[in-house]
Amino acid sequence: MAKWVRVSRRLVCPVCGRPDWCLVTEDGTAAICPRVESNKRCGEAGWLHRLADGPVGRPRLKAWQIPLRRESARPEAIAALARRFQATADKCGAVHRLARELGLSEEALTRFGIGWSLCDGFSSWPMFDHRGWMVGINRRFADGRKKLIAGHRAGVYMPAGLSEDLARVEGTLLVAEGATDAVAALDLGCLAVGRFSCTHGTELLVGLVGRIKPARLVLVGDTDAPGRRGVELLAGALLPYVPQLKVVYPPAPYKDLRQWRQADATFEDLTKAIDAARLRRLGVEVRHG
């Protein structure tokens, strides 16, 4: 018989992501959660959730623990895994919980394809290359850690319907640092993609800009030193490929766009900041002699 243990800060509930009240089996095949309902009630303790198929004591390997094969890193295989995580999120209400925790809307998170793993209690964040092919899934854990699935590649966070929506927003595309900032921009009514980090994705974004051809590009940087340095380098790389480019930063005391959004920033606030930012231009060096 499986042994039940109480969750803690080191072992959070794989169903609700919280560090208290819930129970999990030592082998990780089941959990009892008082917050998320299932079709099996276990008295006052909560609801039973089966986390793995097969008999107790024989936990199955997760998809990211299986020795990597070439076919498992193909875009169609990564997309299939992402769909499984999304289906789980729909079933257990994970997107609703994430929306409350992050201060973002369920609709925007869904547009970015966010999923959930019952087995390990992380949210999944799909990433794409410049062609729109899914190349990797990043995992976000309850303690804030983020970790790319082994064998996957870092890419750009993109909402569904990116190319089609450019016409609706008159060709303006925002580039944010990180997934949650991109979701926050979408929440504010602006079409956006997110970088994997403040130093990653320059070539991918050059390719993406060349494919979808936005009329205006707005780079939203974090206000710390690495964020400012990264967005200025990106601006220099992208400037030759777009008709208009601006760089904006959230106002003090906010570190990033998500914090600004959580403080009740509006579409009009962001629009004013964009309008006030100077238009970046290519420098031309003229030599005489």
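J.: Talk me through the pairing of strand β3 (residues 30–33); I want residue IDs and the actual numbers.
T.: The side-chain alternation of β3 yields two buried faces, one formed by Ala30 and Ile32 and the other by Ala31 and Cys33. In terms of strand pairing, strand β2 (residues 23–25) meets β3 through two bridges, oriented antiparallel. Directly across from Val24, in β3, lies its bridge partner Ala31. Of the pairings in the sheet, the one linking β3 to strand β4 (residues 47–50) comprises four bridges and is antiparallel in character. Looking across to β4, one finds that Ile32 is bridged to Leu48.

J.: Any chance you could break down the side chain of Asp165 for me, citing the residues and the numbers?
T.: Residue position: Asp165 is located in helix α4 (residues 162–165). When its relative accessible area of 17% is taken as the criterion, Asp165 is described as buried. Other than its neighbours up to four places away in sequence, Asp165 contacts Arg111, Ala160 and Leu191.

J.: I'd like a rundown of the pattern of salt bridges, residues and numbers included.
T.: Going through the model one piece at a time under the given rule, you end up with seven salt bridges. Among the ionic pairs, Asp165 bridges to Arg111, the shortest N-O distance being 2.8 Å. Remark: Arg111 occurs in helix α3 (residues 106–111) and Asp165 occurs in helix α4; sequence separation between them is 54 residues. Residues Arg131 and Asp129 are paired through a salt bridge, measuring 2.5 Å at the closest nitrogen-oxygen approach. Salt bridges here are not isolated pairs; linked through shared partners, they connect Asp222, Asp224 and Lys255.

J.: So, the nonpolar core: which residues are in play, and what are the values?
T.: Ranked by size, the top nonpolar core spans 81 residues in total, and within it Leu109, Leu174, Val193, Leu217, Leu219 and Leu245 carry the most contacts. Ranked by the residues each element gives to this core, the list is headed by helix α1 (residues 75–92), at seven residues. Not counting residues up to four positions away in its chain, the partners in contact with Leu245 are Leu217, Leu219, Ala235, Leu238, Leu239, Arg278, Leu279 and Arg280.

J.: With reference to specific residues and values, describe the state of the cysteines.
T.: For the coordinates displayed, the defined rule picks out zero disulfides. Here Cys92 stays unpaired: no disulfide links it, and the sulfur of Cys33, its closest cysteine neighbor, is 9.3 Å away.

J.: Lay out α1 in plain terms, naming residues and giving numbers.
T.: In this model, α1 (18 residues) spans 26 Å end to end at C-alpha, consistent with the 26 Å of a helix rising 1.5 Å per residue. Of the positions making up α1, those classed as buried are Ile78, Ala79, Leu81, Ala82, Phe85, Ala89 and Cys92. For α1, the buried positions fall inside an angular range of 160° around the axis, keeping them on one side. Turned more than 90 degrees away from the buried face of α1 sit Glu76, Arg83, Arg84, Asp90 and Lys91, all of them exposed. In the stretch just after α1, Gly93 is the one whose phi turns positive, near 75°.

J.: So what's going on with helix α7 (residues 225–238)? Which residues, and what values?
T.: Over its 14 residues, α7 runs 20 Å from end to end, which matches the ideal 20 Å to within 8%, given 1.5 Å per residue. Turning to α7, its buried residues are Gly227, Gly230, Val231, Leu234, Ala235 and Leu238. The buried residues of α7 occupy one face: seen down the axis, they fall within an arc of 140°. Facing away from the buried side of α7 by over 90 degrees, the exposed positions are Arg229 and Leu233. Buried positions along α7 lie against β9 (172–177), β10 (192–195), α6 (202–212), β11 (216–220) and β12 (244–248). One side-chain oxygen of the residue at the start of α7 lies 2.8 Å from the amide nitrogen of Gly227, identifying that residue as Asp224.

J.: Got a sec to walk through the sheet that holds β3? Specific residues and values, please.
T.: Read from one edge to the other, the open sheet built from four strands follows the order β1-β2-β3-β4, with strand pairing classed as antiparallel. With one partner strand each, in any of the chains shown, β1 (4–6) and β4 form the two edges of the open sheet. Neighbour-to-neighbour, the strand axes of this sheet turn through a mean angle of 25°, independent of strand direction. As paired strands, β1 and β2 are joined by three bridges and run antiparallel to one another. Residue pairing for β2: Val5 is matched across the bridge by Val24.

Calculation criteria
- Residues numbered from 1 in each chain as written.
- Predicted model: local features only at pLDDT ≥ 70, side-chain atom pairs only at ≥ 80, totals over all residues.
- Heavy atoms only, no water.
- Buried < 20%, exposed > 50% of the residue type's maximum accessible area, 1.4 Å probe, protein only.
- Helix = DSSP H or I, 4+ residues; strand = E, 2+ residues; numbered from the N terminus.
- Pairing = 2+ DSSP bridges.
- Contact = heavy atoms within 4.5 Å.
- Salt bridge = Lys/Arg side-chain N within 4 Å of Asp/Glu carboxyl O.
- Core = buried A, V, L, I, M, F, W, Y, C linked by side-chain atoms within 4.5 Å.
- Disulfide = S-S within 2.5 Å.
- Expected span 1.5 Å × (residues − 1).
- Arc of directions from axis to C-beta.
- Polar contact = N/O pair within 3.5 Å; in protein donor to acceptor, adjacent residues only side chain to side chain.
- Axes fitted to C-alpha atoms, helices over the stretch in contact; angles between N-to-C directions.

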